[in-house]
Amino acid sequence: QKAVFSLFLDDTIASNSWNVLPDTDLFCSTAVAFGDYLMSVGGTDSPGTQTHSSTLFIFSPALEKWLFIGNLPTARSHTICAMLSKGRLTVLGGQKRGARNSKIVEILHC
């Protein structure tokens with residue numbers, strides 16, 4: 001079973017707890033913080049598949065759901081992502097169809 005977890009941290013450890021977020025329907029995607037949102041990048045549609053995804057979703061805490069916001073130029077899974085200054089999402093490497101490892105680097109201006 002898939003699950004995405006979120007942990008709210010505050011000053012008192014005793015009050016911290018994990019919450020299960022709604023599924024993204026993707027496996028092997030990468031998550032990165034984007035302001036108050038959590039962004040899900042790429043992935044595959046099921047375990048062991050070669051159907052890679054180019055989707056970008058953000059989790060809205062206010063709406064308590066994932067929102068589709070667009071696609072990467074290259075569909076892939078197992079990436080490394082970082083948010084840079086001025087809202088630039090950098091997506092590095094990963095696996096894509098026909099290639100076990102990818103050397104692609106893409107930058108999205110959010």
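The rules behind each value
- Residues numbered from 1 in each chain as written.
- Predicted model: local features only at pLDDT ≥ 70, side-chain atom pairs only at ≥ 80, totals over all residues.
- Heavy atoms only, no water.
- Helix = DSSP H or I, 4+ residues; strand = E, 2+ residues; numbered from the N terminus.
- Buried < 20%, exposed > 50% of the residue type's maximum accessible area, 1.4 Å probe, protein only.
- Contact = heavy atoms within 4.5 Å.
- Pairing = 2+ DSSP bridges.
- Axes fitted to C-alpha atoms, helices over the stretch in contact; angles between N-to-C directions.
- Phe/Tyr/Trp six-rings, centres within 6.5 Å; stacked < 30°, edge-to-face > 60°.

**Description of the overall build of the protein chain**
Turning to step 1, where the next piece is worked out: Counting its regular elements, the protein chain contains zero helices and nine strands.
Turning to step 2, where the next piece is worked out: Ordered by position from the N terminus, the helices and strands of the protein chain form the series β-β-β-β-β-β-β-β-β.
Turning to step 3, where the next piece is worked out: Taking all 110 residues of the protein chain together, 35% fall into the buried category.
Turning to step 4, where the next piece is worked out: A sequence separation of at least 24 residues applies to 29% of the contacts in the protein chain between residues at least 6 apart.

**A look at the sheet that holds strand β5 (residues 52-60)**
Strand pairing in a sheet takes place through backbone hydrogen bonds and is either antiparallel or parallel in direction.
Turning to step 1, where the next piece is worked out: Taken together, four strands build an open sheet; the order of strands is β3-β4-β5-β6 and the sheet is antiparallel. One side of each edge strand has no neighbouring strand; the edge strands of this open sheet are β3 (30-34) and β6 (65-71). Going from strand to strand, the sheet's axes swing by 30° on average, the running direction of each strand aside.

**Overview of the packing of aromatic side chains**
Geometrically, a pair of aromatic rings is defined through the distance of the ring centres and the angle of the planes.
Turning to step 1, where the next piece is worked out: One pass over the full model with this rule turns up two aromatic pairs.
Turning to step 2, where the next piece is worked out: Here phenylalanine 57 and phenylalanine 68 contribute two aromatic rings whose centre-to-centre distance is 5.8 Å and whose plane-to-plane angle is 70°, an arrangement assigned as edge-to-face. Highlighted residues: phenylalanine 57 in strand β5 and phenylalanine 68 in strand β6, separated in sequence by eleven residues.
Turning to step 3, where the next piece is worked out: Relative accessible area serves as the criterion here: at 46%, phenylalanine 68 is assigned to the partly exposed category.

**Comments concerning the sheet that holds strand β9 (residues 105-109)**
Turning to step 1, where the next piece is worked out: An order of β7-β8-β9 is seen for the three strands of this open sheet, with the pairing classed as antiparallel. On the outer flanks of this sheet lie β7 (80-84) and β9, each paired with one strand and no other. Geometrically, the sheet is characterised by an average inter-axis angle of 20° between neighbouring strands, direction not taken into account.
Turning to step 2, where the next piece is worked out: Of the strand pairs in this sheet, β7 and strand β8 (residues 88-92) are connected by five bridges, and their pairing is antiparallel. Pairing of cysteine 81 across the sheet is with valine 91, part of β8.

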